[in-house]
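Report on the structure
Here is what each chain is made of, one letter per residue.
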Amino acid sequence: MATATERGRFRPLLGLGNPHLQTLVGHFVAGPEFGFPSTPRPLTLSDGDRLLWHDSIPPTWQPGARVVVLIHGMGGSHRSGYLQRTARRFRAAGWRTVRVDLRGCGAALPLARRQAHGGLSSDVRQLLETVAAAAPGSPVLLVGFSLGGNVVLKTAGEGLPSAVRAVAAVAPPLDLNQCSSLISHPRNRVYDLFFVNDLVRQARQRERHFPEVKAPRLLGAAKTLRGFDDVYTAPVWGFADAAEYYRLQSSRPWVERIAVPTLLLTARDDPFIAVEPFESIRPGGAVRVESEGRGGHLGFLGLDGGGGIRWAEARLQAWGDEVLGGGGS
């Protein structure tokens, strides 16, 4: 039976029409944890750093059946609320679920000297090759959230392993420079500070695990995301500055090169995801853009047509069912 999310538009819950309420309530009211057995699997990357992928196989899953790989956003991990809820939904439908801790993030923080940046497609591609080898013959759906959506789309535009049959990205910052400017606007200062403080904390933790990797002296002076990327992300990864990092790692130039069915889901009132890059995507081709009027950033708190209130997550599952059917290859 089709749910309302399959083609219906998003309608916020009564009293939650404000984008900041959608964003903050959606984040802090995390909902149930994943709650099913998962096996953490380390993956050694090309430079010796490691990430972790958390593999959960439902009892009904058979070789060749569907797999979903979920990539978190900035400051996130395999324990992020949106990853846990989405994994629960897909697992209930029989999918094998993979939740990822990118290098230097979450449980993988002590396993890497460098933290993943927003366009590190080589890590995601190596992960996908590893998952495909662990589940031969299975079609894979790759899903990214927020900054994870940017790296997923860049990876897809550059070229995917053949096992990956479809892609989805929720609230991806297609233009990193434009989104950085939006989050630095005075009305969004609370978000800017939240992310910067979290990133600085992680950088200090990494220094304790790897004393030889010294955080820049100016790290404590970073008060905005752009400032953090100027003094930390850019030099760590060999970019001249944040502007060069944003220019080279934004996914927008890659979107129309994607060859597999791809869903881009965003809210026009998202406080810090610029909507203009979505509007510039040419219709047709493999990419479907669904731009909802409201929803905030990763909020989308509204009836999902199946008794729940996490509309976007239901939409993702409907998309997976639409493009990958009932499983198998």
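Residues numbered from 1 in each chain as written. Predicted model: local features only at pLDDT ≥ 70, side-chain atom pairs only at ≥ 80, totals over all residues. Heavy atoms only, no water.

Some words on helix H1 (residues 19–28)
So the rule is basically this: Relative accessibility under 20% of the residue-type maximum defines a buried residue, over 50% an exposed one, and the middle range a partly exposed one, all with a 1.4 Å probe and only protein chains included. We count a stretch as a helix when DSSP gives it H or I for four or more residues in a row; a strand needs E for two or more, and each element gets its number in order from the N terminus. Our arc is simply the arc of the directions from the helix axis toward the C-beta atoms. When checking whether two residues touch, look at their non-hydrogen atoms; a contact exists if any pair is within 4.5 Å. For this analysis, a polar contact is any N or O atom pair within 3.5 Å, provided that within protein one partner can donate a hydrogen and the other can accept it, and provided that sequence-adjacent residues contribute only side-chain to side-chain pairs.
Buried within H1 are the following residues: Pro19, Gln22, Thr23 and Gly26. Buried residues of H1, viewed axially, fall in a sector of 95 degrees; they line one side. In this structure, the buried side of H1 is in contact with helix H2 (81–92) and helix H6 (189–209). One side-chain oxygen at the N-terminal end of H1 lies 2.7 Å from the backbone nitrogen of His20; it belongs to Asn18.

A word on the sheet that holds strand S3 (residues 67–71)
Test applied: Should DSSP find at least two bridges between two strands, the strands are regarded as paired. Whenever a helix is involved, its axis is fitted only over the stretch in contact; in every case the axis is a line through C-alpha atoms, and angles between N-to-C directions fall within 0 to 180 degrees.
Spatial ordering of the open sheet is given by S1-S2-S4-S3-S5-S6-S7-S8, a layout of eight strands whose pairing is mixed. The outermost strands of the open sheet, each flanked by one partner alone, are strand S1 (39–44) and strand S8 (287–292). Within this sheet the neighbouring strands show an average axis-to-axis angle of 20 degrees, counted without direction. The sheet contact formed by S3 and strand S5 (residues 140–145) spans five bridges and is parallel.

A few points about helix H7 (residues 225–237)
Our working definition: One fitted axis covers the seven residues ending at a residue, a second covers the seven starting there, and the bend at that residue is the angle between these axes.
When the local axis directions of H7 are compared, the greatest deviation, roughly 30 degrees, occurs at Val231, which is followed within four positions by the proline Pro235. Close packing links the buried residues of H7 with helix H5 (176–183), H6 and helix H8 (242–249). Count one or two residues on from H7 and you reach Gly238, which has phi positive near 85 degrees.

Things to note about the packing of H6 against H7
We apply this condition: Reported orientations rely on four angle classes, namely roughly parallel under 35 degrees, roughly antiparallel over 145, roughly perpendicular from 65 to 115, and oblique for the rest. Following the grouping adopted for this structure description, the nonpolar residues are Ala, Val, Leu, Ile, Met, Phe, Trp, Tyr, Cys and Pro, the charged ones are Asp, Glu, Lys and Arg, and the polar ones are all others, Gly among them.
Running from N to C, H6 and H7 cross one another at 25 degrees; their axes reach a closest spacing of 9 Å. Taken together, the axis directions place H6 and H7 in an arrangement best described as roughly parallel. On H7, the residues that touch Asp192, Phe195, Val196, Leu199, Val200, Ala203 and Arg206 of H6 are Leu225, Phe228 and Tyr232. Residue composition of the contact of H6 with H7, grouped by class: eight nonpolar, no polar and two charged.

Some remarks on the pairing of S5
In terms of residue burial, S5 counts as a mostly covered element, since six of its six residues are buried. Side-chain alternation along S5 places Val140, Leu142 and Gly144 on one buried face and Leu141, Val143 and Phe145 on a second face that is also buried. One ladder, built from six bridges, connects S5 with strand S6 (residues 164–170); its direction is parallel. Each bridged residue has a counterpart across the sheet, and for Gly144 the counterpart in S6 is Ala169.

As for the environment of Ser180
Within the secondary structure, Ser180 sits in helix H5. Residue Ser180 is classed as buried on the basis of its relative accessible area, which comes to 5%. Sequence spacing of Ser180 and Ala274 is 94 residues, and the spatial spacing of their C-alpha atoms is 9.3 Å. Contact partners of Ser180, with chain neighbours within four places excluded, come to Arg226 and Tyr246.

Considerations on unusual backbone geometry
With the exception of glycine, the majority of residues adopt a negative phi angle, and the majority of peptide bonds are in the trans configuration. Within the chain, Ser146 stands out as a residue other than glycine whose phi angle is a positive 55 degrees. When you line up the elements, Ser146 lands in the loop between S5 and helix H4 (147–158). Its relative accessible area of 10% is what places Ser146 among the buried residues. The phi dihedral of Ala171 is positive, around 55 degrees, even though this residue is not glycine.

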